[in-house]
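Secondary and tertiary structure notes
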Amino acid sequence: MKKLRFLCLSLCLIMVMTLPFAGVATAEKTEGFKVALSTAVWGNTWSAAYVKDFEEAAQAYKDAGLIESYDVVTSASDLTKQINDCTALINKGIDALMIWPVSAEGIRPIVELAQENNVLVMICNDPAAFEGTYGVFSNNDAFMRVITEWFVSQLNGKGDIIQIAGVFGHPANEPRQAVVDEILADYPDIKTLAIGEGKYSTTDAQAAMSVYLSTYGKIDGVLTQDVMSVGILNAYKNAGITPTLVTGDYTKEFIDMWAAMPELKSVTVTVSPGIVKDALGMTLNLLQGKTFKADELSPNPMDETLVNCVIRDPAYVVTVEGDATAPWMEGLRGTKAITLETAVELVKDMENTDCLDGWLTQEEIDAYFN
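The residue numbers shown here count from 1 along each chain, following its written sequence. Selection of residues for local features in this predicted model requires a pLDDT of at least 70, selection of side-chain atom pairs for listing and counting requires 80 or more, and totals for whole chains, interfaces and linings are taken over all residues. With hydrogens and water set aside, each side-chain value is computed from the structure's full complement of heavy atoms.

A look at the pairing of strand β3 (residues 96-99)
Each residue's exposure class comes from its accessible area (1.4 Å probe, protein chains only) as a fraction of the maximum for that residue type: buried when under 20%, exposed when over 50%, partly exposed otherwise. Only DSSP runs of H or I with at least four residues qualify as helices, and only runs of E with at least two residues qualify as strands; both kinds are numbered from the N terminus onward. Side-chain alternation along β3 places Ala96 and Met98 on one buried face and Leu97 and Ile99 on a second face that is also buried. In this analysis, strands are considered paired if DSSP registers two or more bridges between them. Note that strand β1 (residues 33-39) and β3 share 4 bridges and pair parallel. Opposite Leu37, over in β3, you have Met98 as the bridge partner. Note: β3 against strand β4 (residues 120-125), 4 bridges, orientation parallel. In the sheet register, Ile99 faces β4, and the bridge partner there is Ile123. Here, the term right-handed applies to a crossover whose path from the first strand over the helix to the second runs clockwise when the strands point away from the viewer. Between the parallel elements β3 and β4, the chain passes through helix α4 (residues 108-116) in a crossover that is right-handed.

Focus: the sheet that holds strand β2 (residues 67-74)
Hydrogen bonds along the backbone pair up the strands of a sheet, which may run parallel or antiparallel. With mixed pairing, 7 strands are arranged side by side in an open sheet as β2-β1-β3-β4-β5-β11-β10. Edge positions in the open sheet fall to β2 and β10 (298-300), since each of these has one partner strand only. Shown here is a sheet whose adjacent strand axes are inclined to one another by a mean of 30 degrees, direction ignored. Pairing of β1 with β2, which is carried by 7 bridges, proceeds in the parallel orientation. Looking at β2, one finds that Val35 is bridged to Tyr70. We call two residues in contact when some of their heavy atoms are within 4.5 Å. A fitted line through C-alpha atoms serves as each axis, taken over the contacting stretch for helices, and the angle formed by two N-to-C directions is quoted from 0 to 180°. Together, β1, β2 and β3 form the strand contacts of helix α3 (residues 79-92), whose direction differs from that of β2 by roughly 165 degrees. On the sheet, helix α10 (residues 275-287) packs against β1, β2, β3, β4, β5 (134-138) and β11 (303-312) and is oriented at approximately 165 degrees with respect to β4.

Quick notes on the pattern of salt bridges
Side chains that differ in charge, positive against negative, can pair when their charged atoms come close. Put simply, a salt bridge is a Lys or Arg side-chain nitrogen that is within 4 Å of an Asp or Glu carboxyl oxygen. Tallying each qualifying case throughout the model produces 15 salt bridges. In this structure, Asp226 engages Arg176 in a salt bridge whose closest nitrogen and oxygen atoms are separated by 2.5 Å. Of this pair, Asp226 sits in the loop between β8 (221-224) and α8 (229-239) while Arg176 sits in helix α6 (residues 173-184), and the two are 50 residues apart along the sequence. Like Arg176, Asp226 is buried.

All we've got here are geometric facts, nothing functional implied.
Printed below as a string of structure tokens:
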């Protein structure tokens, strides 16, 4: 009887040891992977470019044989739809799920189901913190720090300003606003007249700015982020007022507008939709059994005890001068300082809604891995 119990325990131990860890890819194959992307937002120019970049990169990997199939689902900020869509994808038998979360905590059922089915989870764009997952995110701190430091330098430390934020409470907006508050705290002579919610929309940003232009007689500058600057400039135009200091966005439409307004002081810092290409390349490396170098992973923005993220600095900082030695360029990795003239050339063949974009080469992606 003792021998029988010992044999049973031994068999159980062997079975447990051979089971793959939930949510972690095994290198049983090196090609022919099935991957899927779920996005949180749909309808603005950035999200459209994000999906386009993913499909472009995924098709190239498919043509090379590394990917067998790929899917994209968009939730339009609807958590229930994201859960249902991702459940269907997991049940379909994918190898990896890349997810831009509608809610950092709300995607928990998706992550748990994926891990039960040994599906690798790569969280993209906006952070969420779950053991057994990885994340590739833009550096919101660096993005907003460059914009704000440049902005206060143009004001020479004093002035009356308007802030047009994104979506209050949004996981990208809140760390950015924290950076703004930190920097402006050192400049008591810079007075914020109002903080508006532009909702990452040119239409909403224009509406908010129109109210402020009719309310305040003197505005020395507008501090904003992401894809809202065109709306702000349109508000100035409709009010018959010439803007002099407005931080910019990275769409072709804004870059061309800026180039046609020599009196306008501005800066463009990219949040590249192409980061999804970086995330896809890293996902495929993980599926092939490769591991990140220890010093390439950073603490998760949502839980600093979880070290599972690659944090990417902006691809470009655009100013009229393109000064790579400017104070706001210090400490950035892989960020190129370019002139407005260069930016105009880079976007000249794009549609108005397309973004000044950037991503890593395969060699640069591979450099993150052992």
